[in-house]
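Listed below, chain by chain, are the residues.
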Amino acid sequence: MGGYEQGEQPVVGEIIVVVEAAPQGLMQYTLDPEARTPIWQAVIIAHDDAVIGAATTPEQTADLLVRGSIECIRRSIPSLMVDGLTMRLEVGPNDNAQIVAAGEARFLRSEWDAAVAQTDDRSADDALGDLLD
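Below or above, wherever it landed, is the structure these notes cover. Since the model is a prediction, treat every value here as computed from it, not as a measurement.

Here Thr30 shows up in strand β2 (residues 24-30). A polar atom in the side chain of Thr30 sits 2.6 Å from the side chain of Asp32. For Thr30, the contacting residues outside a window of four places in its chain are Glu14, Ile15, Ile16, Pro38, Ile39, Trp40 and Trp112.

Here is the structure:
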């Protein structure tokens, strides 16, 4: 796990990851799925074609896409540790396949809060830019 701030202990919660079943696409995740209004982070990601091409079954492909997505999430939340993921295939918003994975997650609350704040800052900047245009 990543280094902890003095005195901060990881929280145990749940993660939900939704990733398009494609070499490139939208990945969304939340670490507070039980909240009244869960906060979702969204990122466009591209997976390595050679790695995805090496998968011999749909299950292996799903596993690779989800594991790659979790590694991407760790760029913002280095302390993230995930256990016991379950995965299911769903039809996405544009009739494309997507994988929904859920499981136990341990992470530092301060890292999650910082990721959310960074997204809030970008959203405010985008809204201000739209007003100025």
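Right, picking up where we left off after that structure.
A word on the sheet that holds strand β1 (residues 11-20). The sheet built from five strands is open, its strands ordered β3-β2-β1-β5-β4 with antiparallel pairing. Each edge of the sheet is formed by a strand with only one pairing partner; in this case those strands are β3 (41-46) and β4 (81-91). The sheet shows a mean angle of 20 degrees between the axes of neighbouring strands, direction not considered. Pairing between β2 and β3: six bridges, direction antiparallel. Along β3, the bridge assignment pairs Met27 with Val43.

Cut-offs and rules
- Residues numbered from 1 in each chain as written.
- Predicted model: local features only at pLDDT ≥ 70, side-chain atom pairs only at ≥ 80, totals over all residues.
- Heavy atoms only, no water.
- Helix = DSSP H or I, 4+ residues; strand = E, 2+ residues; numbered from the N terminus.
- Polar contact = N/O pair within 3.5 Å; in protein donor to acceptor, adjacent residues only side chain to side chain.
- Contact = heavy atoms within 4.5 Å.
- Pairing = 2+ DSSP bridges.
- Axes fitted to C-alpha atoms, helices over the stretch in contact; angles between N-to-C directions.

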